[in-house]
Amino acid sequence: MIRILLLIAFFGHVLCWYCDCLITYTPNGRFSAKQLNDNEKLSELLEGMPLKRPMCSIVLGILALIMSFCGFLALCEWMRQFSNVYAAIMIIGAVLFITCVIPHHAICGLVEWFYIRLGCTENARKIILDFFKKTSATMIVCYIGLLIFAVTFFIAVITGTTSLPRWACIFNTLPLFFIISLFRIAGGGNIANAVMFIALFIIT
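Asker: Looking at this structure, I do not really get helix α4 (residues 84–117). What am I missing?
Answerer: The α-helix winds at 3.6 residues per turn, so residues separated by three or four positions along the chain end up facing the same way. Taking 1.5 Å of rise per residue, 34 residues should cover 50 Å, and α4 covers 49 Å from first to last C-alpha, within 8% of that figure. Roughly 25 degrees is the biggest bend found in α4, and it falls at V101, with proline P103 one to four residues downstream. The opening residue of α4, the one whose side-chain oxygen lies 3.4 Å from the backbone nitrogen of V85, is S83. Positive backbone phi, approximately 90 degrees, marks G119, located one or two places after α4.

Rendered as structure tokens:
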């Protein structure tokens, strides 16, 4: 059952990566957070962007993240046989992550949708930027939760607490994300988690 949940999480993160790409890669190039400070560049980038793309990203992304949570819960339950302490810390991190990453993902899609819907004006840029800043707590908490989960899991594996070989610690969000970030690919966190879950599906 645990391996099935890991596989579901893998597909969930692949789907979530696709959702990230829907709002990151526009018909006129790749979106960058720096462009939020320059309405001329931002409006040129999102010119002709179909409204259905950010909306599709929101809806599919919520489903994808629920699927990914299956894998986090599975790893927490699997860890329980080796250490109740590690398992408890991991579940805290996983809950913090999922309860905040879902609204954060929706917010990312909404700010793009509203900016386009409001005509890509300077006033629209100020509104969505203000909204994003005031809801940034969701982003901060979700990454704190993911960090708690990833660090705890990494320590458990590298110290030999689990039945996994110590080299399997590489199949963890943190080291995988650092490697993937070198290639500047959109949705690197989702790719890292997808690799982690499929690798653990194979070796557990």
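So that's the structure; there's more coming.
Asker: Where do I start with the pattern of salt bridges in this structure?
Answerer: If charged atoms from side chains of opposite charge come close, those side chains can pair. Enumeration according to the criterion identifies 3 salt bridges in this entry. A salt bridge links D130 to K134; the shortest N-O distance between them is 3.3 Å. One end of the pair is D130 and the other is K134, both in helix α5 (residues 122–134) and 4 residues apart, which spans about a single turn. Looking at D130, the relative accessible area reads 37%, which means it is partly exposed.

Asker: Can you help me understand the side chain of Q35 in this one?
Answerer: Tracing the sequence through the fold places Q35 in the loop between β2 (29–30) and α2 (39–46). When neighbours within four sequence positions are excluded, Q35 is seen to be in contact with R30, L42 and L45.

Asker: What's the story with the packing of helix α3 (residues 52–79) against α4 in this structure? I'm lost.
Answerer: Each pair of packed helices can be described by the angle between their axes along with the distance between the axes. Here α3 crosses α4 at 175 degrees, and the two axes come no closer than 9 Å. Our classification of the angle between α3 and α4 gives roughly antiparallel. Tallied by class, the residues present in the contact of α3 with α4 amount to 25 nonpolar, 5 polar and 1 charged.

Asker: Got a minute to help me understand the side chain of T162 in this structure?
Answerer: Within the fold, T162 resides in the loop between α6 (136–158) and α7 (173–181). Polar contacts involving the side chain of T162 include one to the main-chain amide nitrogen of L164, which spans 3.2 Å.

Asker: Help me out: how do you make sense of the packing of aromatic side chains in this one?
Answerer: One pair of aromatic rings is described through two measures. These are the centre distance and the angle between the planes. According to the stated counting rule, one finds 9 aromatic pairs in the structure shown. With 5.3 Å between their ring centres and 50 degrees between their planes, F72 and F97 make a pair best called tilted. Of this pair, F72 sits in helix α3 while F97 sits in helix α4; the two residues are 25 residues apart in sequence, bridging distant segments of the chain. Each member of the pair, F72 together with F97, is buried. Counting every residue linked through ring pairs, the aromatic cluster contains F72, F97, F149, F153 and F197. Sitting above the plane of the F201 ring, R3 keeps its charged end 4.2 Å from the centroid.

Asker: What's the story with the environment of M139 in this structure? I'm lost.
Answerer: Locating M139 in the fold gives a position in helix α6. M139 sits in the partly exposed class, given a relative accessible area of 26%. On a C-alpha basis, the gap between M139 and V101 in space is 6.6 Å, while along the polypeptide they are 38 residues apart.

Asker: What's the story with the layout of surface pockets in this structure? I'm lost.
Answerer: Gaps between atoms show up when a probe of the same size as a water molecule is rolled over them. As a volume, the largest pocket reaches approximately 1,400 Å³. Contributing to the lining of the largest pocket are 42 residues, with D20, H104, C108, Y143 and G187 lying nearest its centre. Of all the elements in the fold, those that place two or more residues in the lining of the largest pocket are α1 (2–24), α2, α4, α5, α6, α7 and α8 (188–203). If you tally residues by element for the lining of the largest pocket, the top one is α4, at 8 residues.

Asker: Sorry if this is basic, but what is going on with a nonpolar patch on the surface here?
Answerer: On the surface, a cluster of nonpolar side chains totalling about 790 Å² of accessible area is made up of W17, Y18, Y25, I170, I179, L182, F183 and I185. Along the chain, I179 falls in helix α7. Its relative accessible area of 42% is what places I179 among the partly exposed residues.

Asker: Honestly, the nonpolar core in this entry has me stumped. Any pointers?
Answerer: Soluble globular proteins tend to bury their nonpolar side chains together. Ranked by internal contacts, the top residues of the largest apolar core, which has 38 residues, are F72, L75, F153 and F197. When contributions to this core are tallied by element, the ones reaching two or more residues are α1, α3, α4, α6, α7 and α8. Among the elements that make up this core, the one with the highest residue count is α3 (9 residues). F153 has contacts with L75, W78, M79, M90, L164, F171, N172 and L200, leaving out every residue within four places of it along the chain. Counting 12 residues, the second-largest nonpolar core is a separate cluster that includes L36, L46, V111 and Y115.

Cut-offs applied
Residues numbered from 1 in each chain as written. Predicted model: local features only at pLDDT ≥ 70, side-chain atom pairs only at ≥ 80, totals over all residues. Heavy atoms only, no water. Helix = DSSP H or I, 4+ residues; strand = E, 2+ residues; numbered from the N terminus. Expected span 1.5 Å × (residues − 1). Bend = angle between axes of the 7 residues up to and from the residue. Polar contact = N/O pair within 3.5 Å; in protein donor to acceptor, adjacent residues only side chain to side chain. Salt bridge = Lys/Arg side-chain N within 4 Å of Asp/Glu carboxyl O. Buried < 20%, exposed > 50% of the residue type's maximum accessible area, 1.4 Å probe, protein only. Contact = heavy atoms within 4.5 Å. Axes fitted to C-alpha atoms, helices over the stretch in contact; angles between N-to-C directions. Parallel < 35°, antiparallel > 145°, perpendicular 65-115°, else oblique. Nonpolar A, V, L, I, M, F, W, Y, C, P; charged D, E, K, R; others polar. Phe/Tyr/Trp six-rings, centres within 6.5 Å; stacked < 30°, edge-to-face > 60°. Lys NZ or Arg CZ within 6 Å of the ring centre and 35° of its normal. 1 Å grid on protein atoms, 1.4 Å probe; cavity = no way out; pocket = protein on both sides within 12 Å on 5 of 7 lines; lining within 4 Å. Points joined across faces, edges and corners; volume = space filled by probe spheres on them. Patch = residues over 30% accessible without salt bridge, like charges linked within 9 Å, V, L, I, M, F, W, Y side chains within 5 Å. Areas by Shrake-Rupley, 256 points an atom, 1.4 Å probe, with all protein chains shown as cover. Core = buried A, V, L, I, M, F, W, Y, C linked by side-chain atoms within 4.5 Å.

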